[in-house]
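# Observations on the three-dimensional arrangement
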Amino acid sequence: MKPEELPLLFQELAHEFADVTSMSVAATGSLARGDHRTGPGGEIVSNLDLVHVVADRTDVPDARAVVGRVMRRISDAFRIETTSTIAVLPAFRSAGHAHYRRSMRPEWLCDGLGLGTAAFDPPGREDGGPLAALAWALQPVPYYLAKATALDPPTNLAKARRHARRLADRFGLAEVRDGLDDLPRALREVIAGHGLTPLDSTARYLDTPTHPAIAQLVRDAVFVEAMGLVSADSMIVMLPSARQPALPRPSVPLPSALPRSVPAPSVPN
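Residue numbers here run from 1 along each chain, matching the order of that chain's written sequence. Given that the model is predicted, a residue must reach a pLDDT of at least 70 before its local features are reported, and side-chain atom pairs must reach 80 or more before they are shown or counted; all residues, however, enter totals for whole chains, interfaces and linings. The side-chain quantities take in all heavy atoms of the structure and omit both hydrogens and water.

Another point: the confidence of the model for the chain. Low-confidence regions, as indicated by low pLDDT, have predicted coordinates that should not be scrutinised in detail. One number per residue, pLDDT, summarises how confident the predictor is, and it ranges from 0 to 100. Looking at the chain, the pLDDT average stands at 89 and 89% of residues meet or exceed 70. Contacts between residues were defined by any pair of non-hydrogen atoms, one from each residue, lying within 4.5 Å. Within the model, pLDDT remains below 50 along residues 249-269, and this stretch shows 34 contacts once partners closer than five positions in the same chain are excluded.

Quick look at the structure:
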């Protein structure tokens, strides 16, 4: 997929979700921000990230079925990996400082819950103020440190350091900027120096960074904080079908719900 196809991608997403009334859907991540990565041939190599907000947990199974069907078509049509995360509304509302909320493209692809444009406003006083913003801003660093214990250490350690640099620049944290080679120690210094109550995901990593299951424990804590669901219930990843030619744009929208007999797509561990 080429960068010039992005307007068509978002147009197609809006078309596919047009009749869906059980959720509100928006793009987030690098494609939404416009800072996606491209390969040597100019093709986009970043994933497409979407957040799907549902009213409560009882809506999750049907939402997964709808999302799986729609995103299979999108992944195959545009030859792009897609990552969808389902969030329950109370968690979405309480996660105003979460990275995905701050990265959202300020336009609903569909707004079945009637959340409106106010959902894209910057966090306000009700979201907890500067200390809450700092606690949420710490979150990606231990997330990638924990992930590095189980998967691709060079890549995930680099991501942890990149987020740490952003954290240091945003909040003027010299202890983080000078502590990139010992990020757990730098995080502890920030927490102690600011009298900060860290998020559960951060505390879990710092308490037991060598726990054999720390990657999954931190991952699930991050998802519960941001989405109200563990990762296996929230996340749906789609890869383009092997040797599948690009699909033409559909002439009619997909249905807004699928039969309950259709299985939900598998989720990677």
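In this section: the side chain of Thr82. Residue placement: Thr82 occurs in strand S3 (residues 82-88). Residues contacting Thr82, with those up to four places away along its chain left out, are Leu48, Met71, Ile74, Ser75, Ile236, Val237 and Met238. Secondary structure counts use DSSP, requiring at least four H or I residues in a row for a helix and at least two E residues in a row for a strand, with both numbered from the N terminus.

Burial here depends on accessible area, computed with a 1.4 Å probe over protein chains only, as a share of the maximum for the residue type. Under 20% is buried, over 50% is exposed, and the range in between is partly exposed. Where burial is concerned, most of helix H7 (residues 140-148) is hidden: eight out of the nine residues are buried. Regarding H7, the residues found buried are Pro140, Val141, Pro142, Tyr143, Tyr144, Leu145, Ala146 and Ala148. Considering only its buried residues, H7 is in contact with helix H6 (129-138), helix H8 (153-171), helix H10 (183-194), helix H11 (200-207) and helix H12 (214-227).

Moving on: the side chain of His97. In this structure, His97 sits in the loop between helix H4 (89-94) and helix H5 (99-102). Assessed through its relative accessible area of 10%, His97 is described here as buried.

Next up on the list: the packing of H6 against H7. To obtain an axis, a line is fitted to C-alpha atoms, over the contacting stretch when the element is a helix, and the angle between two such axes runs from 0 to 180 degrees between their N-to-C directions. Where H6 meets H7, the closest approach of the two axes is 4 Å, and the angle between their N-to-C directions is 20°. Between H6 and H7, the angle is such that the two are roughly parallel. Across the interface between the two elements, Trp136, Ala137 and Leu138 of H6 pack against Pro140, Val141 and Pro142 of H7. Residues of the contact of H6 with H7, tallied by class, amount to six nonpolar, no polar and no charged. Any angle that is under 35 degrees is reported as roughly parallel, and any over 145 degrees as roughly antiparallel; angles of 65 to 115 degrees are reported as roughly perpendicular and all others as oblique. Lys, Arg, Asp and Glu make up the charged group, whereas Ala, Val, Leu, Ile, Met, Phe, Trp, Tyr, Cys and Pro make up the nonpolar group; the residues left over, Gly among them, are polar.

What follows deals with the pattern of salt bridges. Salt bridge criterion: a side-chain nitrogen from Lys or Arg within 4 Å of a carboxyl oxygen from Asp or Glu. Scanning all chains against the criterion turns up seven salt bridges. When the shortest N-O distance is used, the salt bridge between Arg79 and Asp76 registers 4.0 Å. Here Asp76 falls in the buried class, since its relative accessible area comes to 4%. The residue Arg177 makes a salt bridge to Asp169 at a minimum N-O spacing of 3.5 Å. Of the residues examined, Arg177 reaches a relative accessible area of 41% and is grouped as partly exposed. What makes Asp169 exposed here is its relative accessible area of 56%. What you see here is one network of salt bridges that share partners, running through Arg72, Asp76 and Arg79.

Turning next to unusual backbone geometry. For Arg79, which is not glycine, the phi dihedral falls at a positive 55°. In this structure Arg79 comes out as partly exposed when scored by relative accessible area, which is 33%. Unusually for a residue other than glycine, Asp152 sits at a positive phi of about 45°. Looking at the secondary structure, you find Asp152 in the loop between H7 and H8.

This part takes up the packing of aromatic side chains. In this scheme Phe, Tyr and Trp rings, the latter by its six-membered ring, pair at centre separations within 6.5 Å, and the angle between planes marks the pair as stacked below 30 degrees, edge-to-face above 60, and tilted otherwise. By the definition in use, this model includes four aromatic pairs. Centroid distance Phe92 to Tyr100: 6.4 Å. Interplanar angle 50°. Geometry classified as tilted. Each member of the pair, Phe92 together with Tyr100, is buried. With centroids separated by 4.9 Å and ring planes inclined at 45°, the aromatic side chains of Trp108 and Phe120 adopt a geometry described as tilted. Of this pair, Trp108 sits in the loop between H5 and strand S4 (110-111) while Phe120 sits in the loop between S4 and H6, and the two are 12 residues apart along the sequence. Three or more aromatic residues joined by ring pairs form one cluster here, namely Phe92, Tyr100, Trp108 and Phe120. Arg101 extends its terminal NZ or CZ atom over the ring of Phe92, reaching a point 4.0 Å from the ring centre. Note on criteria: charge over ring means Lys NZ or Arg CZ within 6 Å of the ring centre, with the direction from the centre no more than 35 degrees off the ring normal.

We now examine the layout of surface pockets. Regions of empty space are outlined by a rolling probe, equal in size to a water molecule, passed over the atoms. Approximately 1500 Å³ is the volume attributed to the largest pocket. Take the lining of the largest pocket: its biggest share by element is seven residues, from H12. Of the residues that constitute the lining of the largest pocket, the class distribution is 18 nonpolar, 13 polar and 10 charged. A cavity here means a set of 1 Å grid points, computed over protein atoms only, where a 1.4 Å probe fits but cannot escape. A pocket is an open set with protein on both sides within 12 Å along at least 5 of 7 lines, and lining residues have an atom within 4 Å of a point. Grid points are joined across faces, edges and corners, and a volume is the space filled by probe spheres set on the points.

Among all positions in H11, only Ser201, Thr202, Tyr205 and Leu206 are buried. Along the axis of H11, the buried positions cluster into a sector of 125°, meaning they face one direction only. For H11, the secondary structure elements touched by its buried residues are H6, H7, H10 and H12. Think of it as the arc spanned by the lines of direction from the helix axis to the C-beta atoms.

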